[in-house]
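Fold and contact review
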Amino acid sequence: MFKKILISILLISFLLIGCTTPTQETPQSSPIVTENTNIVTTEAPTATQIVQEATPTQEEEINLRFIIPEGGGRLEGYTKVLEAYKKIKPNVNIKLETIPFKDYYSQLPVMWASDNPADVALVDSCDVKYYAYEGVLAQLDNVFTPEDIADIVPSLIEESSLNGKLYGAPFIISTQGVFYNTEMFAEAGVSVPQSVEEGWTWDDYVAKIKKVVEYEKSKGKDVWGLVFINNPPNIDIWTHLIVRSFGEVGSPTYKAVSDDGTKVSGYLDTPEALEAYKFWQDLYVTQKLAPQSTVPDAFGNQQAATMISFAAWGGTLNAKFPDLKWSVAPIPYNKSHVAHLGEFVPVVSAKGKNVEASKEFLKFLASADGILAYNQATTMIPVRKSLIPQINVFTEMPLKIFADQMITYGVPRPMLIGHPIYNKLFSQMMIDIAQGADINTVVPSTITEIESQLAQFKQ
Amino acid sequence: MKYINRKSEQYFYAILLILPALTAILIFQIWPIFELVHVSFRNYSMLSGNSKWIGLQNYIHTLHDPLLWRTFYNTIWFIFLKIPAQMIFAFGLALLVQSPNRGIGILRTIILIPAITSMVVISAIWGLMYHPTNGLINSFLELLHLPMQPFLISPKQAMPSIAFMTIWKDVGFNMILYLAGLMGIPSSIYEAAKIDGAGGIQILRYITIPLIKRTTIFILITNLIMAFKVFTPIYLMTGGGPTNSTRVIVLYIYDNAFIYNKMGYASSISIILGIILLIISYFSTKEYS
Amino acid sequence: MNIRLKLINKYISKLILWCCILILILFFTIPYIWMASSAFKPRSEIFAYIHPLSWRTFIPINPTFENFRTLLVEKGFWRPLLNSLGIAVTTVGITLLVSSMMAFALSRLKFNGRDLIFALVLATMMIPFEAIMVPMFLITQKLGLDNTYLGLFLPWIGDAFIIFLLRQQFLEIPTDIQDAAIMDGCNPFQIYWKIMMPLIKPALISAAFIKFMYSWDSYIWPLIITRDPQKMVVAVAIGKLFTDQDILWELIFAGSFIATIPIVILFIFLQRYYVEGITSTGLHGQ
């Protein structure tokens, strides 16, 4: 009896595994199990192909693998780009592979350690220097012309370069904004700056959200003043908005790391920075305006007055919470205005088997055509200033705020080779501070740890 | 204990029987461990592939790394919180669910369900349940007019909270093992004891507990080894915080390998952990036989 | 008088017993009830009624199948489910076979190097998976098993814990049965297959549960080793719902619900054999 069961179980399981469906169709929304394979045409090269004189005619099939993190509308956006590229280069098959977002950062090194890394990958723009330093990225020497570079926000080129050589191809970017519940603010009689020129200070901002929270409380409703996507936020793109702005432009507080990227004492522990940390802790612990732990959908569910998030969040709000009335205000400032420019940039693996073909693809991706193709599916600010007027949502309120911030005072996050390590340790410190840790203990110990880890990058 | 004689036949069958498992173990477990030892004597960057021999430097560094000592402390604290409570609870449950009564059978199944649920799923759900203001557990506390607790955001409560969740999950697993052990006790002994007039507690103290000593040790060692290697719930629920209060050894190994790009150092910590666990198991097998 | 007291005593202790059982049942099921009810709630409801506690926490006001529809139809969740099921069952089958063979050899056969091999097997339990996963991955890739079903379960068929467990069980079988078999002219393999294995049925079923759980649970290894969406497993599919933009809690709850139910059913089905094993095996003595 037992034997029979064992054998039948084995048979059934082999059958189940044996059934492999060849290819999946591409549904509208982002599926977990969709592959995106360009169909191969093996006829003679078309006229458009012959025009590409940069590389010799590519009749042979080239297969590229492109790895992206799941979510964020990336799958849809890049799918559109691939479709457009297929028309130009039919012999290049590009396969998109998605990795769960929370594991993306740890899977990249594993992939690059293996013999068979993906040809093209996405890397957070502030991490490009790190991967370039470690030698896993191919230099992108013919992706941009000088005209292209003039059109792109200069700090972004610097962010994706190491020692003057470009390793990442910026093409879309995101900044942050304060989403606010227009009904709550109107009822409480609190005004909100409507443009980047107006602006508001952090103190002003806190006073205003406090007013709204108290008004709601008088109506018997408990709301948060400020939420982020993750509470407390766990990456420096959010937390450094406050800390850096407590210093003048170019001051150590603003720079948040030494120019050679190895020292943080004298940068993360200036009196201004300490003031910022106190402000941060105050927000969470004393005034309880922000939640110390995850509160999913707080803003969407009208359980929060404001939410600091990025441009694409507007799309999510419209889709998931259609009844919510929201608008966007600029990020508050203290001694300086800070809005972070940050996004995943495409890179080419140095150990990939098709480096030249990958660079060709990146050239298309980062061109105006590529950006516009991406925007057909997912709306993102182009890094090319000339393209902004072509994408309507960014010329009108509320999303105009994001584009304006990018042009006026958008800066990349602190630039250093060891950014991934810096980010992790600094963010952990900010979370600890938000959850009530003693600033005088946790700041020095974090600084010591960061510096001991950054020591390896001393040049 | 008599063994099967006729040596050559024995050898042939022995090889036949152990070959498949042994091959898999040698290739996929032993070989990586050798690689690990090899890397632990080097400065190895997974990204660049650069590998430089530095001898015992990684090991020496472990002695001077206060954060590593902290992770050992945290891990041992986790073990103290989890194992005694879990084993006592499991033993009690095993005694309770021994009877083949249908209703009890349902309870037995229910207790085992967390054990077979994915740790990823459980961590996600309990993470939400432990929310300091909007969590299910705090809602229950509120109902009982008890103060709401911070749980995962408090350095003092984070580890106990995670330990409690893992007890909830793993107790079923221990319970089965205890059940298996209890079944090995022949009912004749119980009958004899009852005839001699022994009451429930006496039977427990003088008969049951001594007779499952072997099982208990086995469960203890298994739990100990698994607890030293704890990773997933902590990674998913607190990531080592708040203020390093839940940073356990394997999490530190993971951080060193994947974030600080110090594979060599991470490997040396793994080897040290392995040696500690080997020592623990060695002493237990002495106790065992 | 005495009889009455005894009766009351009996009733009270029965009452306490059943109260305890009820509390235990609630203790182990409440998280699942919450998860199950949330799976049937629309996104807006899931987090709105946790606090303060009310019946609404556990029962949806507007029950909906939308989450399941999105998951199964749009996101194709059925594929990872089948994958995980097939892989888990295969892993369990092969592991039990191969590991029990080794456990038998290590316990009932005498040969040179036996203890060394056993020590080697145990040593593999001392190193955490997270430590060797990178070398394990690189080796698996070198063998060309990258992105294959084989690569998913082959590294795990030599399960040290299962070998340990089963060897334990074999050691407890009295020798007279074995001696009788030898005298009847059985070779060791026949002794293993026809006699020993049936005798440890409950342990085999326990081992099957444990192995199934590890296989169904496994996240990091399938994540590293498989890239094709067709080969994705349930844990990774659920992991993909945690994105930077939005954590799709309603789908996570629905996915967890789907992932748990078949296991529970399979489990309840196998439980019967477990009980059968207990009552019919007749293992006596130690």
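1. A short note on the packing of aromatic side chains
Following the criterion strictly, the structure yields 66 aromatic pairs over all chains and no others. Judged by centre distance (5.4 Å) and plane angle (50°), the rings of A:Phe179 and A:Trp326 are tilted. Here the residue A:Phe179 occupies a position in strand β7 (residues 176-181), and A:Trp326 occupies one in strand β10 (residues 326-329), the gap between them amounting to 147 residues. By relative accessible area, which is 0% here, A:Phe179 ends up buried. Exposure remark for A:Trp326: the relative accessible area of 15% places this residue in the buried category. Measuring from ring centre to ring centre gives 5.9 Å for C:Trp156 and C:Trp221, while their planes differ by 85°; the resulting arrangement is edge-to-face. Note that C:Trp156 is positioned in the loop between α8 (149-153) and α9 (160-171) and C:Trp221 in helix α13 (residues 220-225), a separation of 65 residues in sequence. Exposure remark for C:Trp156: the relative accessible area of 23% places this residue in the partly exposed category. Residue classification places C:Trp221 among the buried positions, given a relative accessible area of 2%.

2. Remarks on the confidence of the model for chain C
Residue and element names in this part refer to chain C. In this model, chain C carries a mean pLDDT of 82, and residues with pLDDT of at least 70 account for 94%. Model confidence for chain C, summarised as mean pLDDT per element, is weakest for helix α15 (residues 249-281) at 70 and strongest for helix α5 (residues 78-108) at 90. Note that pLDDT drops below 50 for residues 275-286; the model gives that stretch ten contacts with residues more than four away or on any other chain. Interface scoring of the predicted complex returns ipTM 0.84; its pTM is 0.86.

3. A closer look at the environment of A:Ser258
Residue and element names in this part refer to chain A. Within the secondary structure layout, Ser258 lies in the loop between α11 (252-255) and α12 (271-286). In the structure, Ser258 is positioned 42 residues away from Glu216 in sequence and 44 Å away in space, judged by C-alpha atoms. Excluding residues within four positions of it along the chain, Ser258 makes contact with Lys263 and Tyr267.

4. Some details on the state of the cysteines
Every disulfide links exactly two cysteines, by a covalent bond between their sulfur atoms. All names here are of chain C. In this structure the tally under the stated criterion is zero disulfides over all chains. Cys19 takes part in no disulfide bond, and the closest cysteine sulfur, belonging to Cys20, lies 7.1 Å away. Since its relative accessible area comes to 43%, Cys19 is described here as partly exposed.

5. Some points on the interface of chain B and chain C
Taken together, the 94 residues of chain B in the interface contact 95 residues of chain C. Together chain B and chain C conceal approximately 9000 Å² of surface at their shared face, both sides included; 78% is due to carbon and sulfur atoms. Our count for the contact surface shared by chain B and chain C stands at zero salt bridges. The interface formed by chain B and chain C contains five residue pairs in polar contact (both at pLDDT 80 or more).

6. Some words on the nonpolar core
Judged by nonpolar contacts, the single largest core of 200 residues is most densely connected at B:Trp126, C:Met102, C:Leu166, C:Phe170 and C:Phe253. Two domains each put at least three residues into this core: domain 1 (2-64) and domain 2 (70-281) of chain C. With residues near it in sequence (within four places) discarded, C:Phe170 still touches C:Ser100, C:Ala103, C:Phe104, C:Ser107, C:Arg108, C:Met196, C:Met197 and C:Ile200. If you look at the next biggest cluster of nonpolar residues, it comprises 156 residues, including A:Tyr205, A:Leu268, A:Ala311 and A:Met406.

7. Let's talk about the pattern of salt bridges
Applying the stated criterion to the full structure yields 24 salt bridges over all chains. Its salt-bridge partner being B:Arg247, residue B:Asp255 comes within 2.7 Å of it at the nearest N-O pair. A salt bridge links C:Arg69 to C:Glu66; the shortest N-O distance between them is 3.1 Å. Here C:Arg69 and its partner C:Glu66 are both found in helix α4 (residues 66-74), three residues apart, which amounts to about one turn of the helix. The partly exposed category is assigned to C:Arg69, whose relative accessible area is 39%. Judged by its relative accessible area of 39%, C:Glu66 is partly exposed. Overlapping salt bridges bring together A:Arg65, A:Glu97, C:Asp146 and C:Arg227 as one network.

The rules behind the values
Residue indices follow the written sequence of each chain, beginning from 1 at its first position. Whichever chain is written first is A, and whichever ligand is written first is 1; the rest continue in order. Side-chain atom pairs in this predicted model are given and counted only at pLDDT of 80 or more, local residue features only at pLDDT of at least 70, and totals for whole chains, interfaces and linings cover all residues. In computing side-chain values, all of the structure's heavy atoms are included and hydrogens and water are not. Two rings from Phe, Tyr or Trp (for Trp, the six-membered ring) form a pair when their centres sit within 6.5 Å of each other. Planes less than 30 degrees apart are called stacked, planes more than 60 degrees apart edge-to-face, and all others tilted. Here a strand is any run of E in DSSP of at least two residues, a helix any run of H or I of at least four, and the numbering for each starts at the N terminus. Using a 1.4 Å probe on the protein chains alone, a residue whose accessible area is under 20% of its type maximum counts as buried, one over 50% counts as exposed, and one in between counts as partly exposed. A residue's pLDDT is simply how confident the predictor is in it, with values from 0 to 100. Contact between two residues is taken to exist if any of their heavy atoms lie within 4.5 Å; hydrogens are not considered. Criterion for a disulfide: a pair of cysteine sulfur atoms within 2.5 Å. The term buried area denotes the loss of accessible surface (1.4 Å probe radius) that occurs when two parts are joined, taken as the sum for both partners. Salt bridges are defined by distance alone: a side-chain nitrogen of Lys or Arg within 4 Å of a carboxyl oxygen of Asp or Glu. Pairs of N or O atoms within 3.5 Å make up the polar contacts considered here, provided that, within protein, one atom can donate a hydrogen while the other can accept it, and that residues adjacent in sequence are counted only when both atoms are side-chain atoms. Take the buried residues of types Ala, Val, Leu, Ile, Met, Phe, Trp, Tyr and Cys, join any two whose side-chain atoms come within 4.5 Å, and each joined set is a nonpolar core. Where each domain starts and ends comes from a domain assignment, either automatic or drawn from a database.

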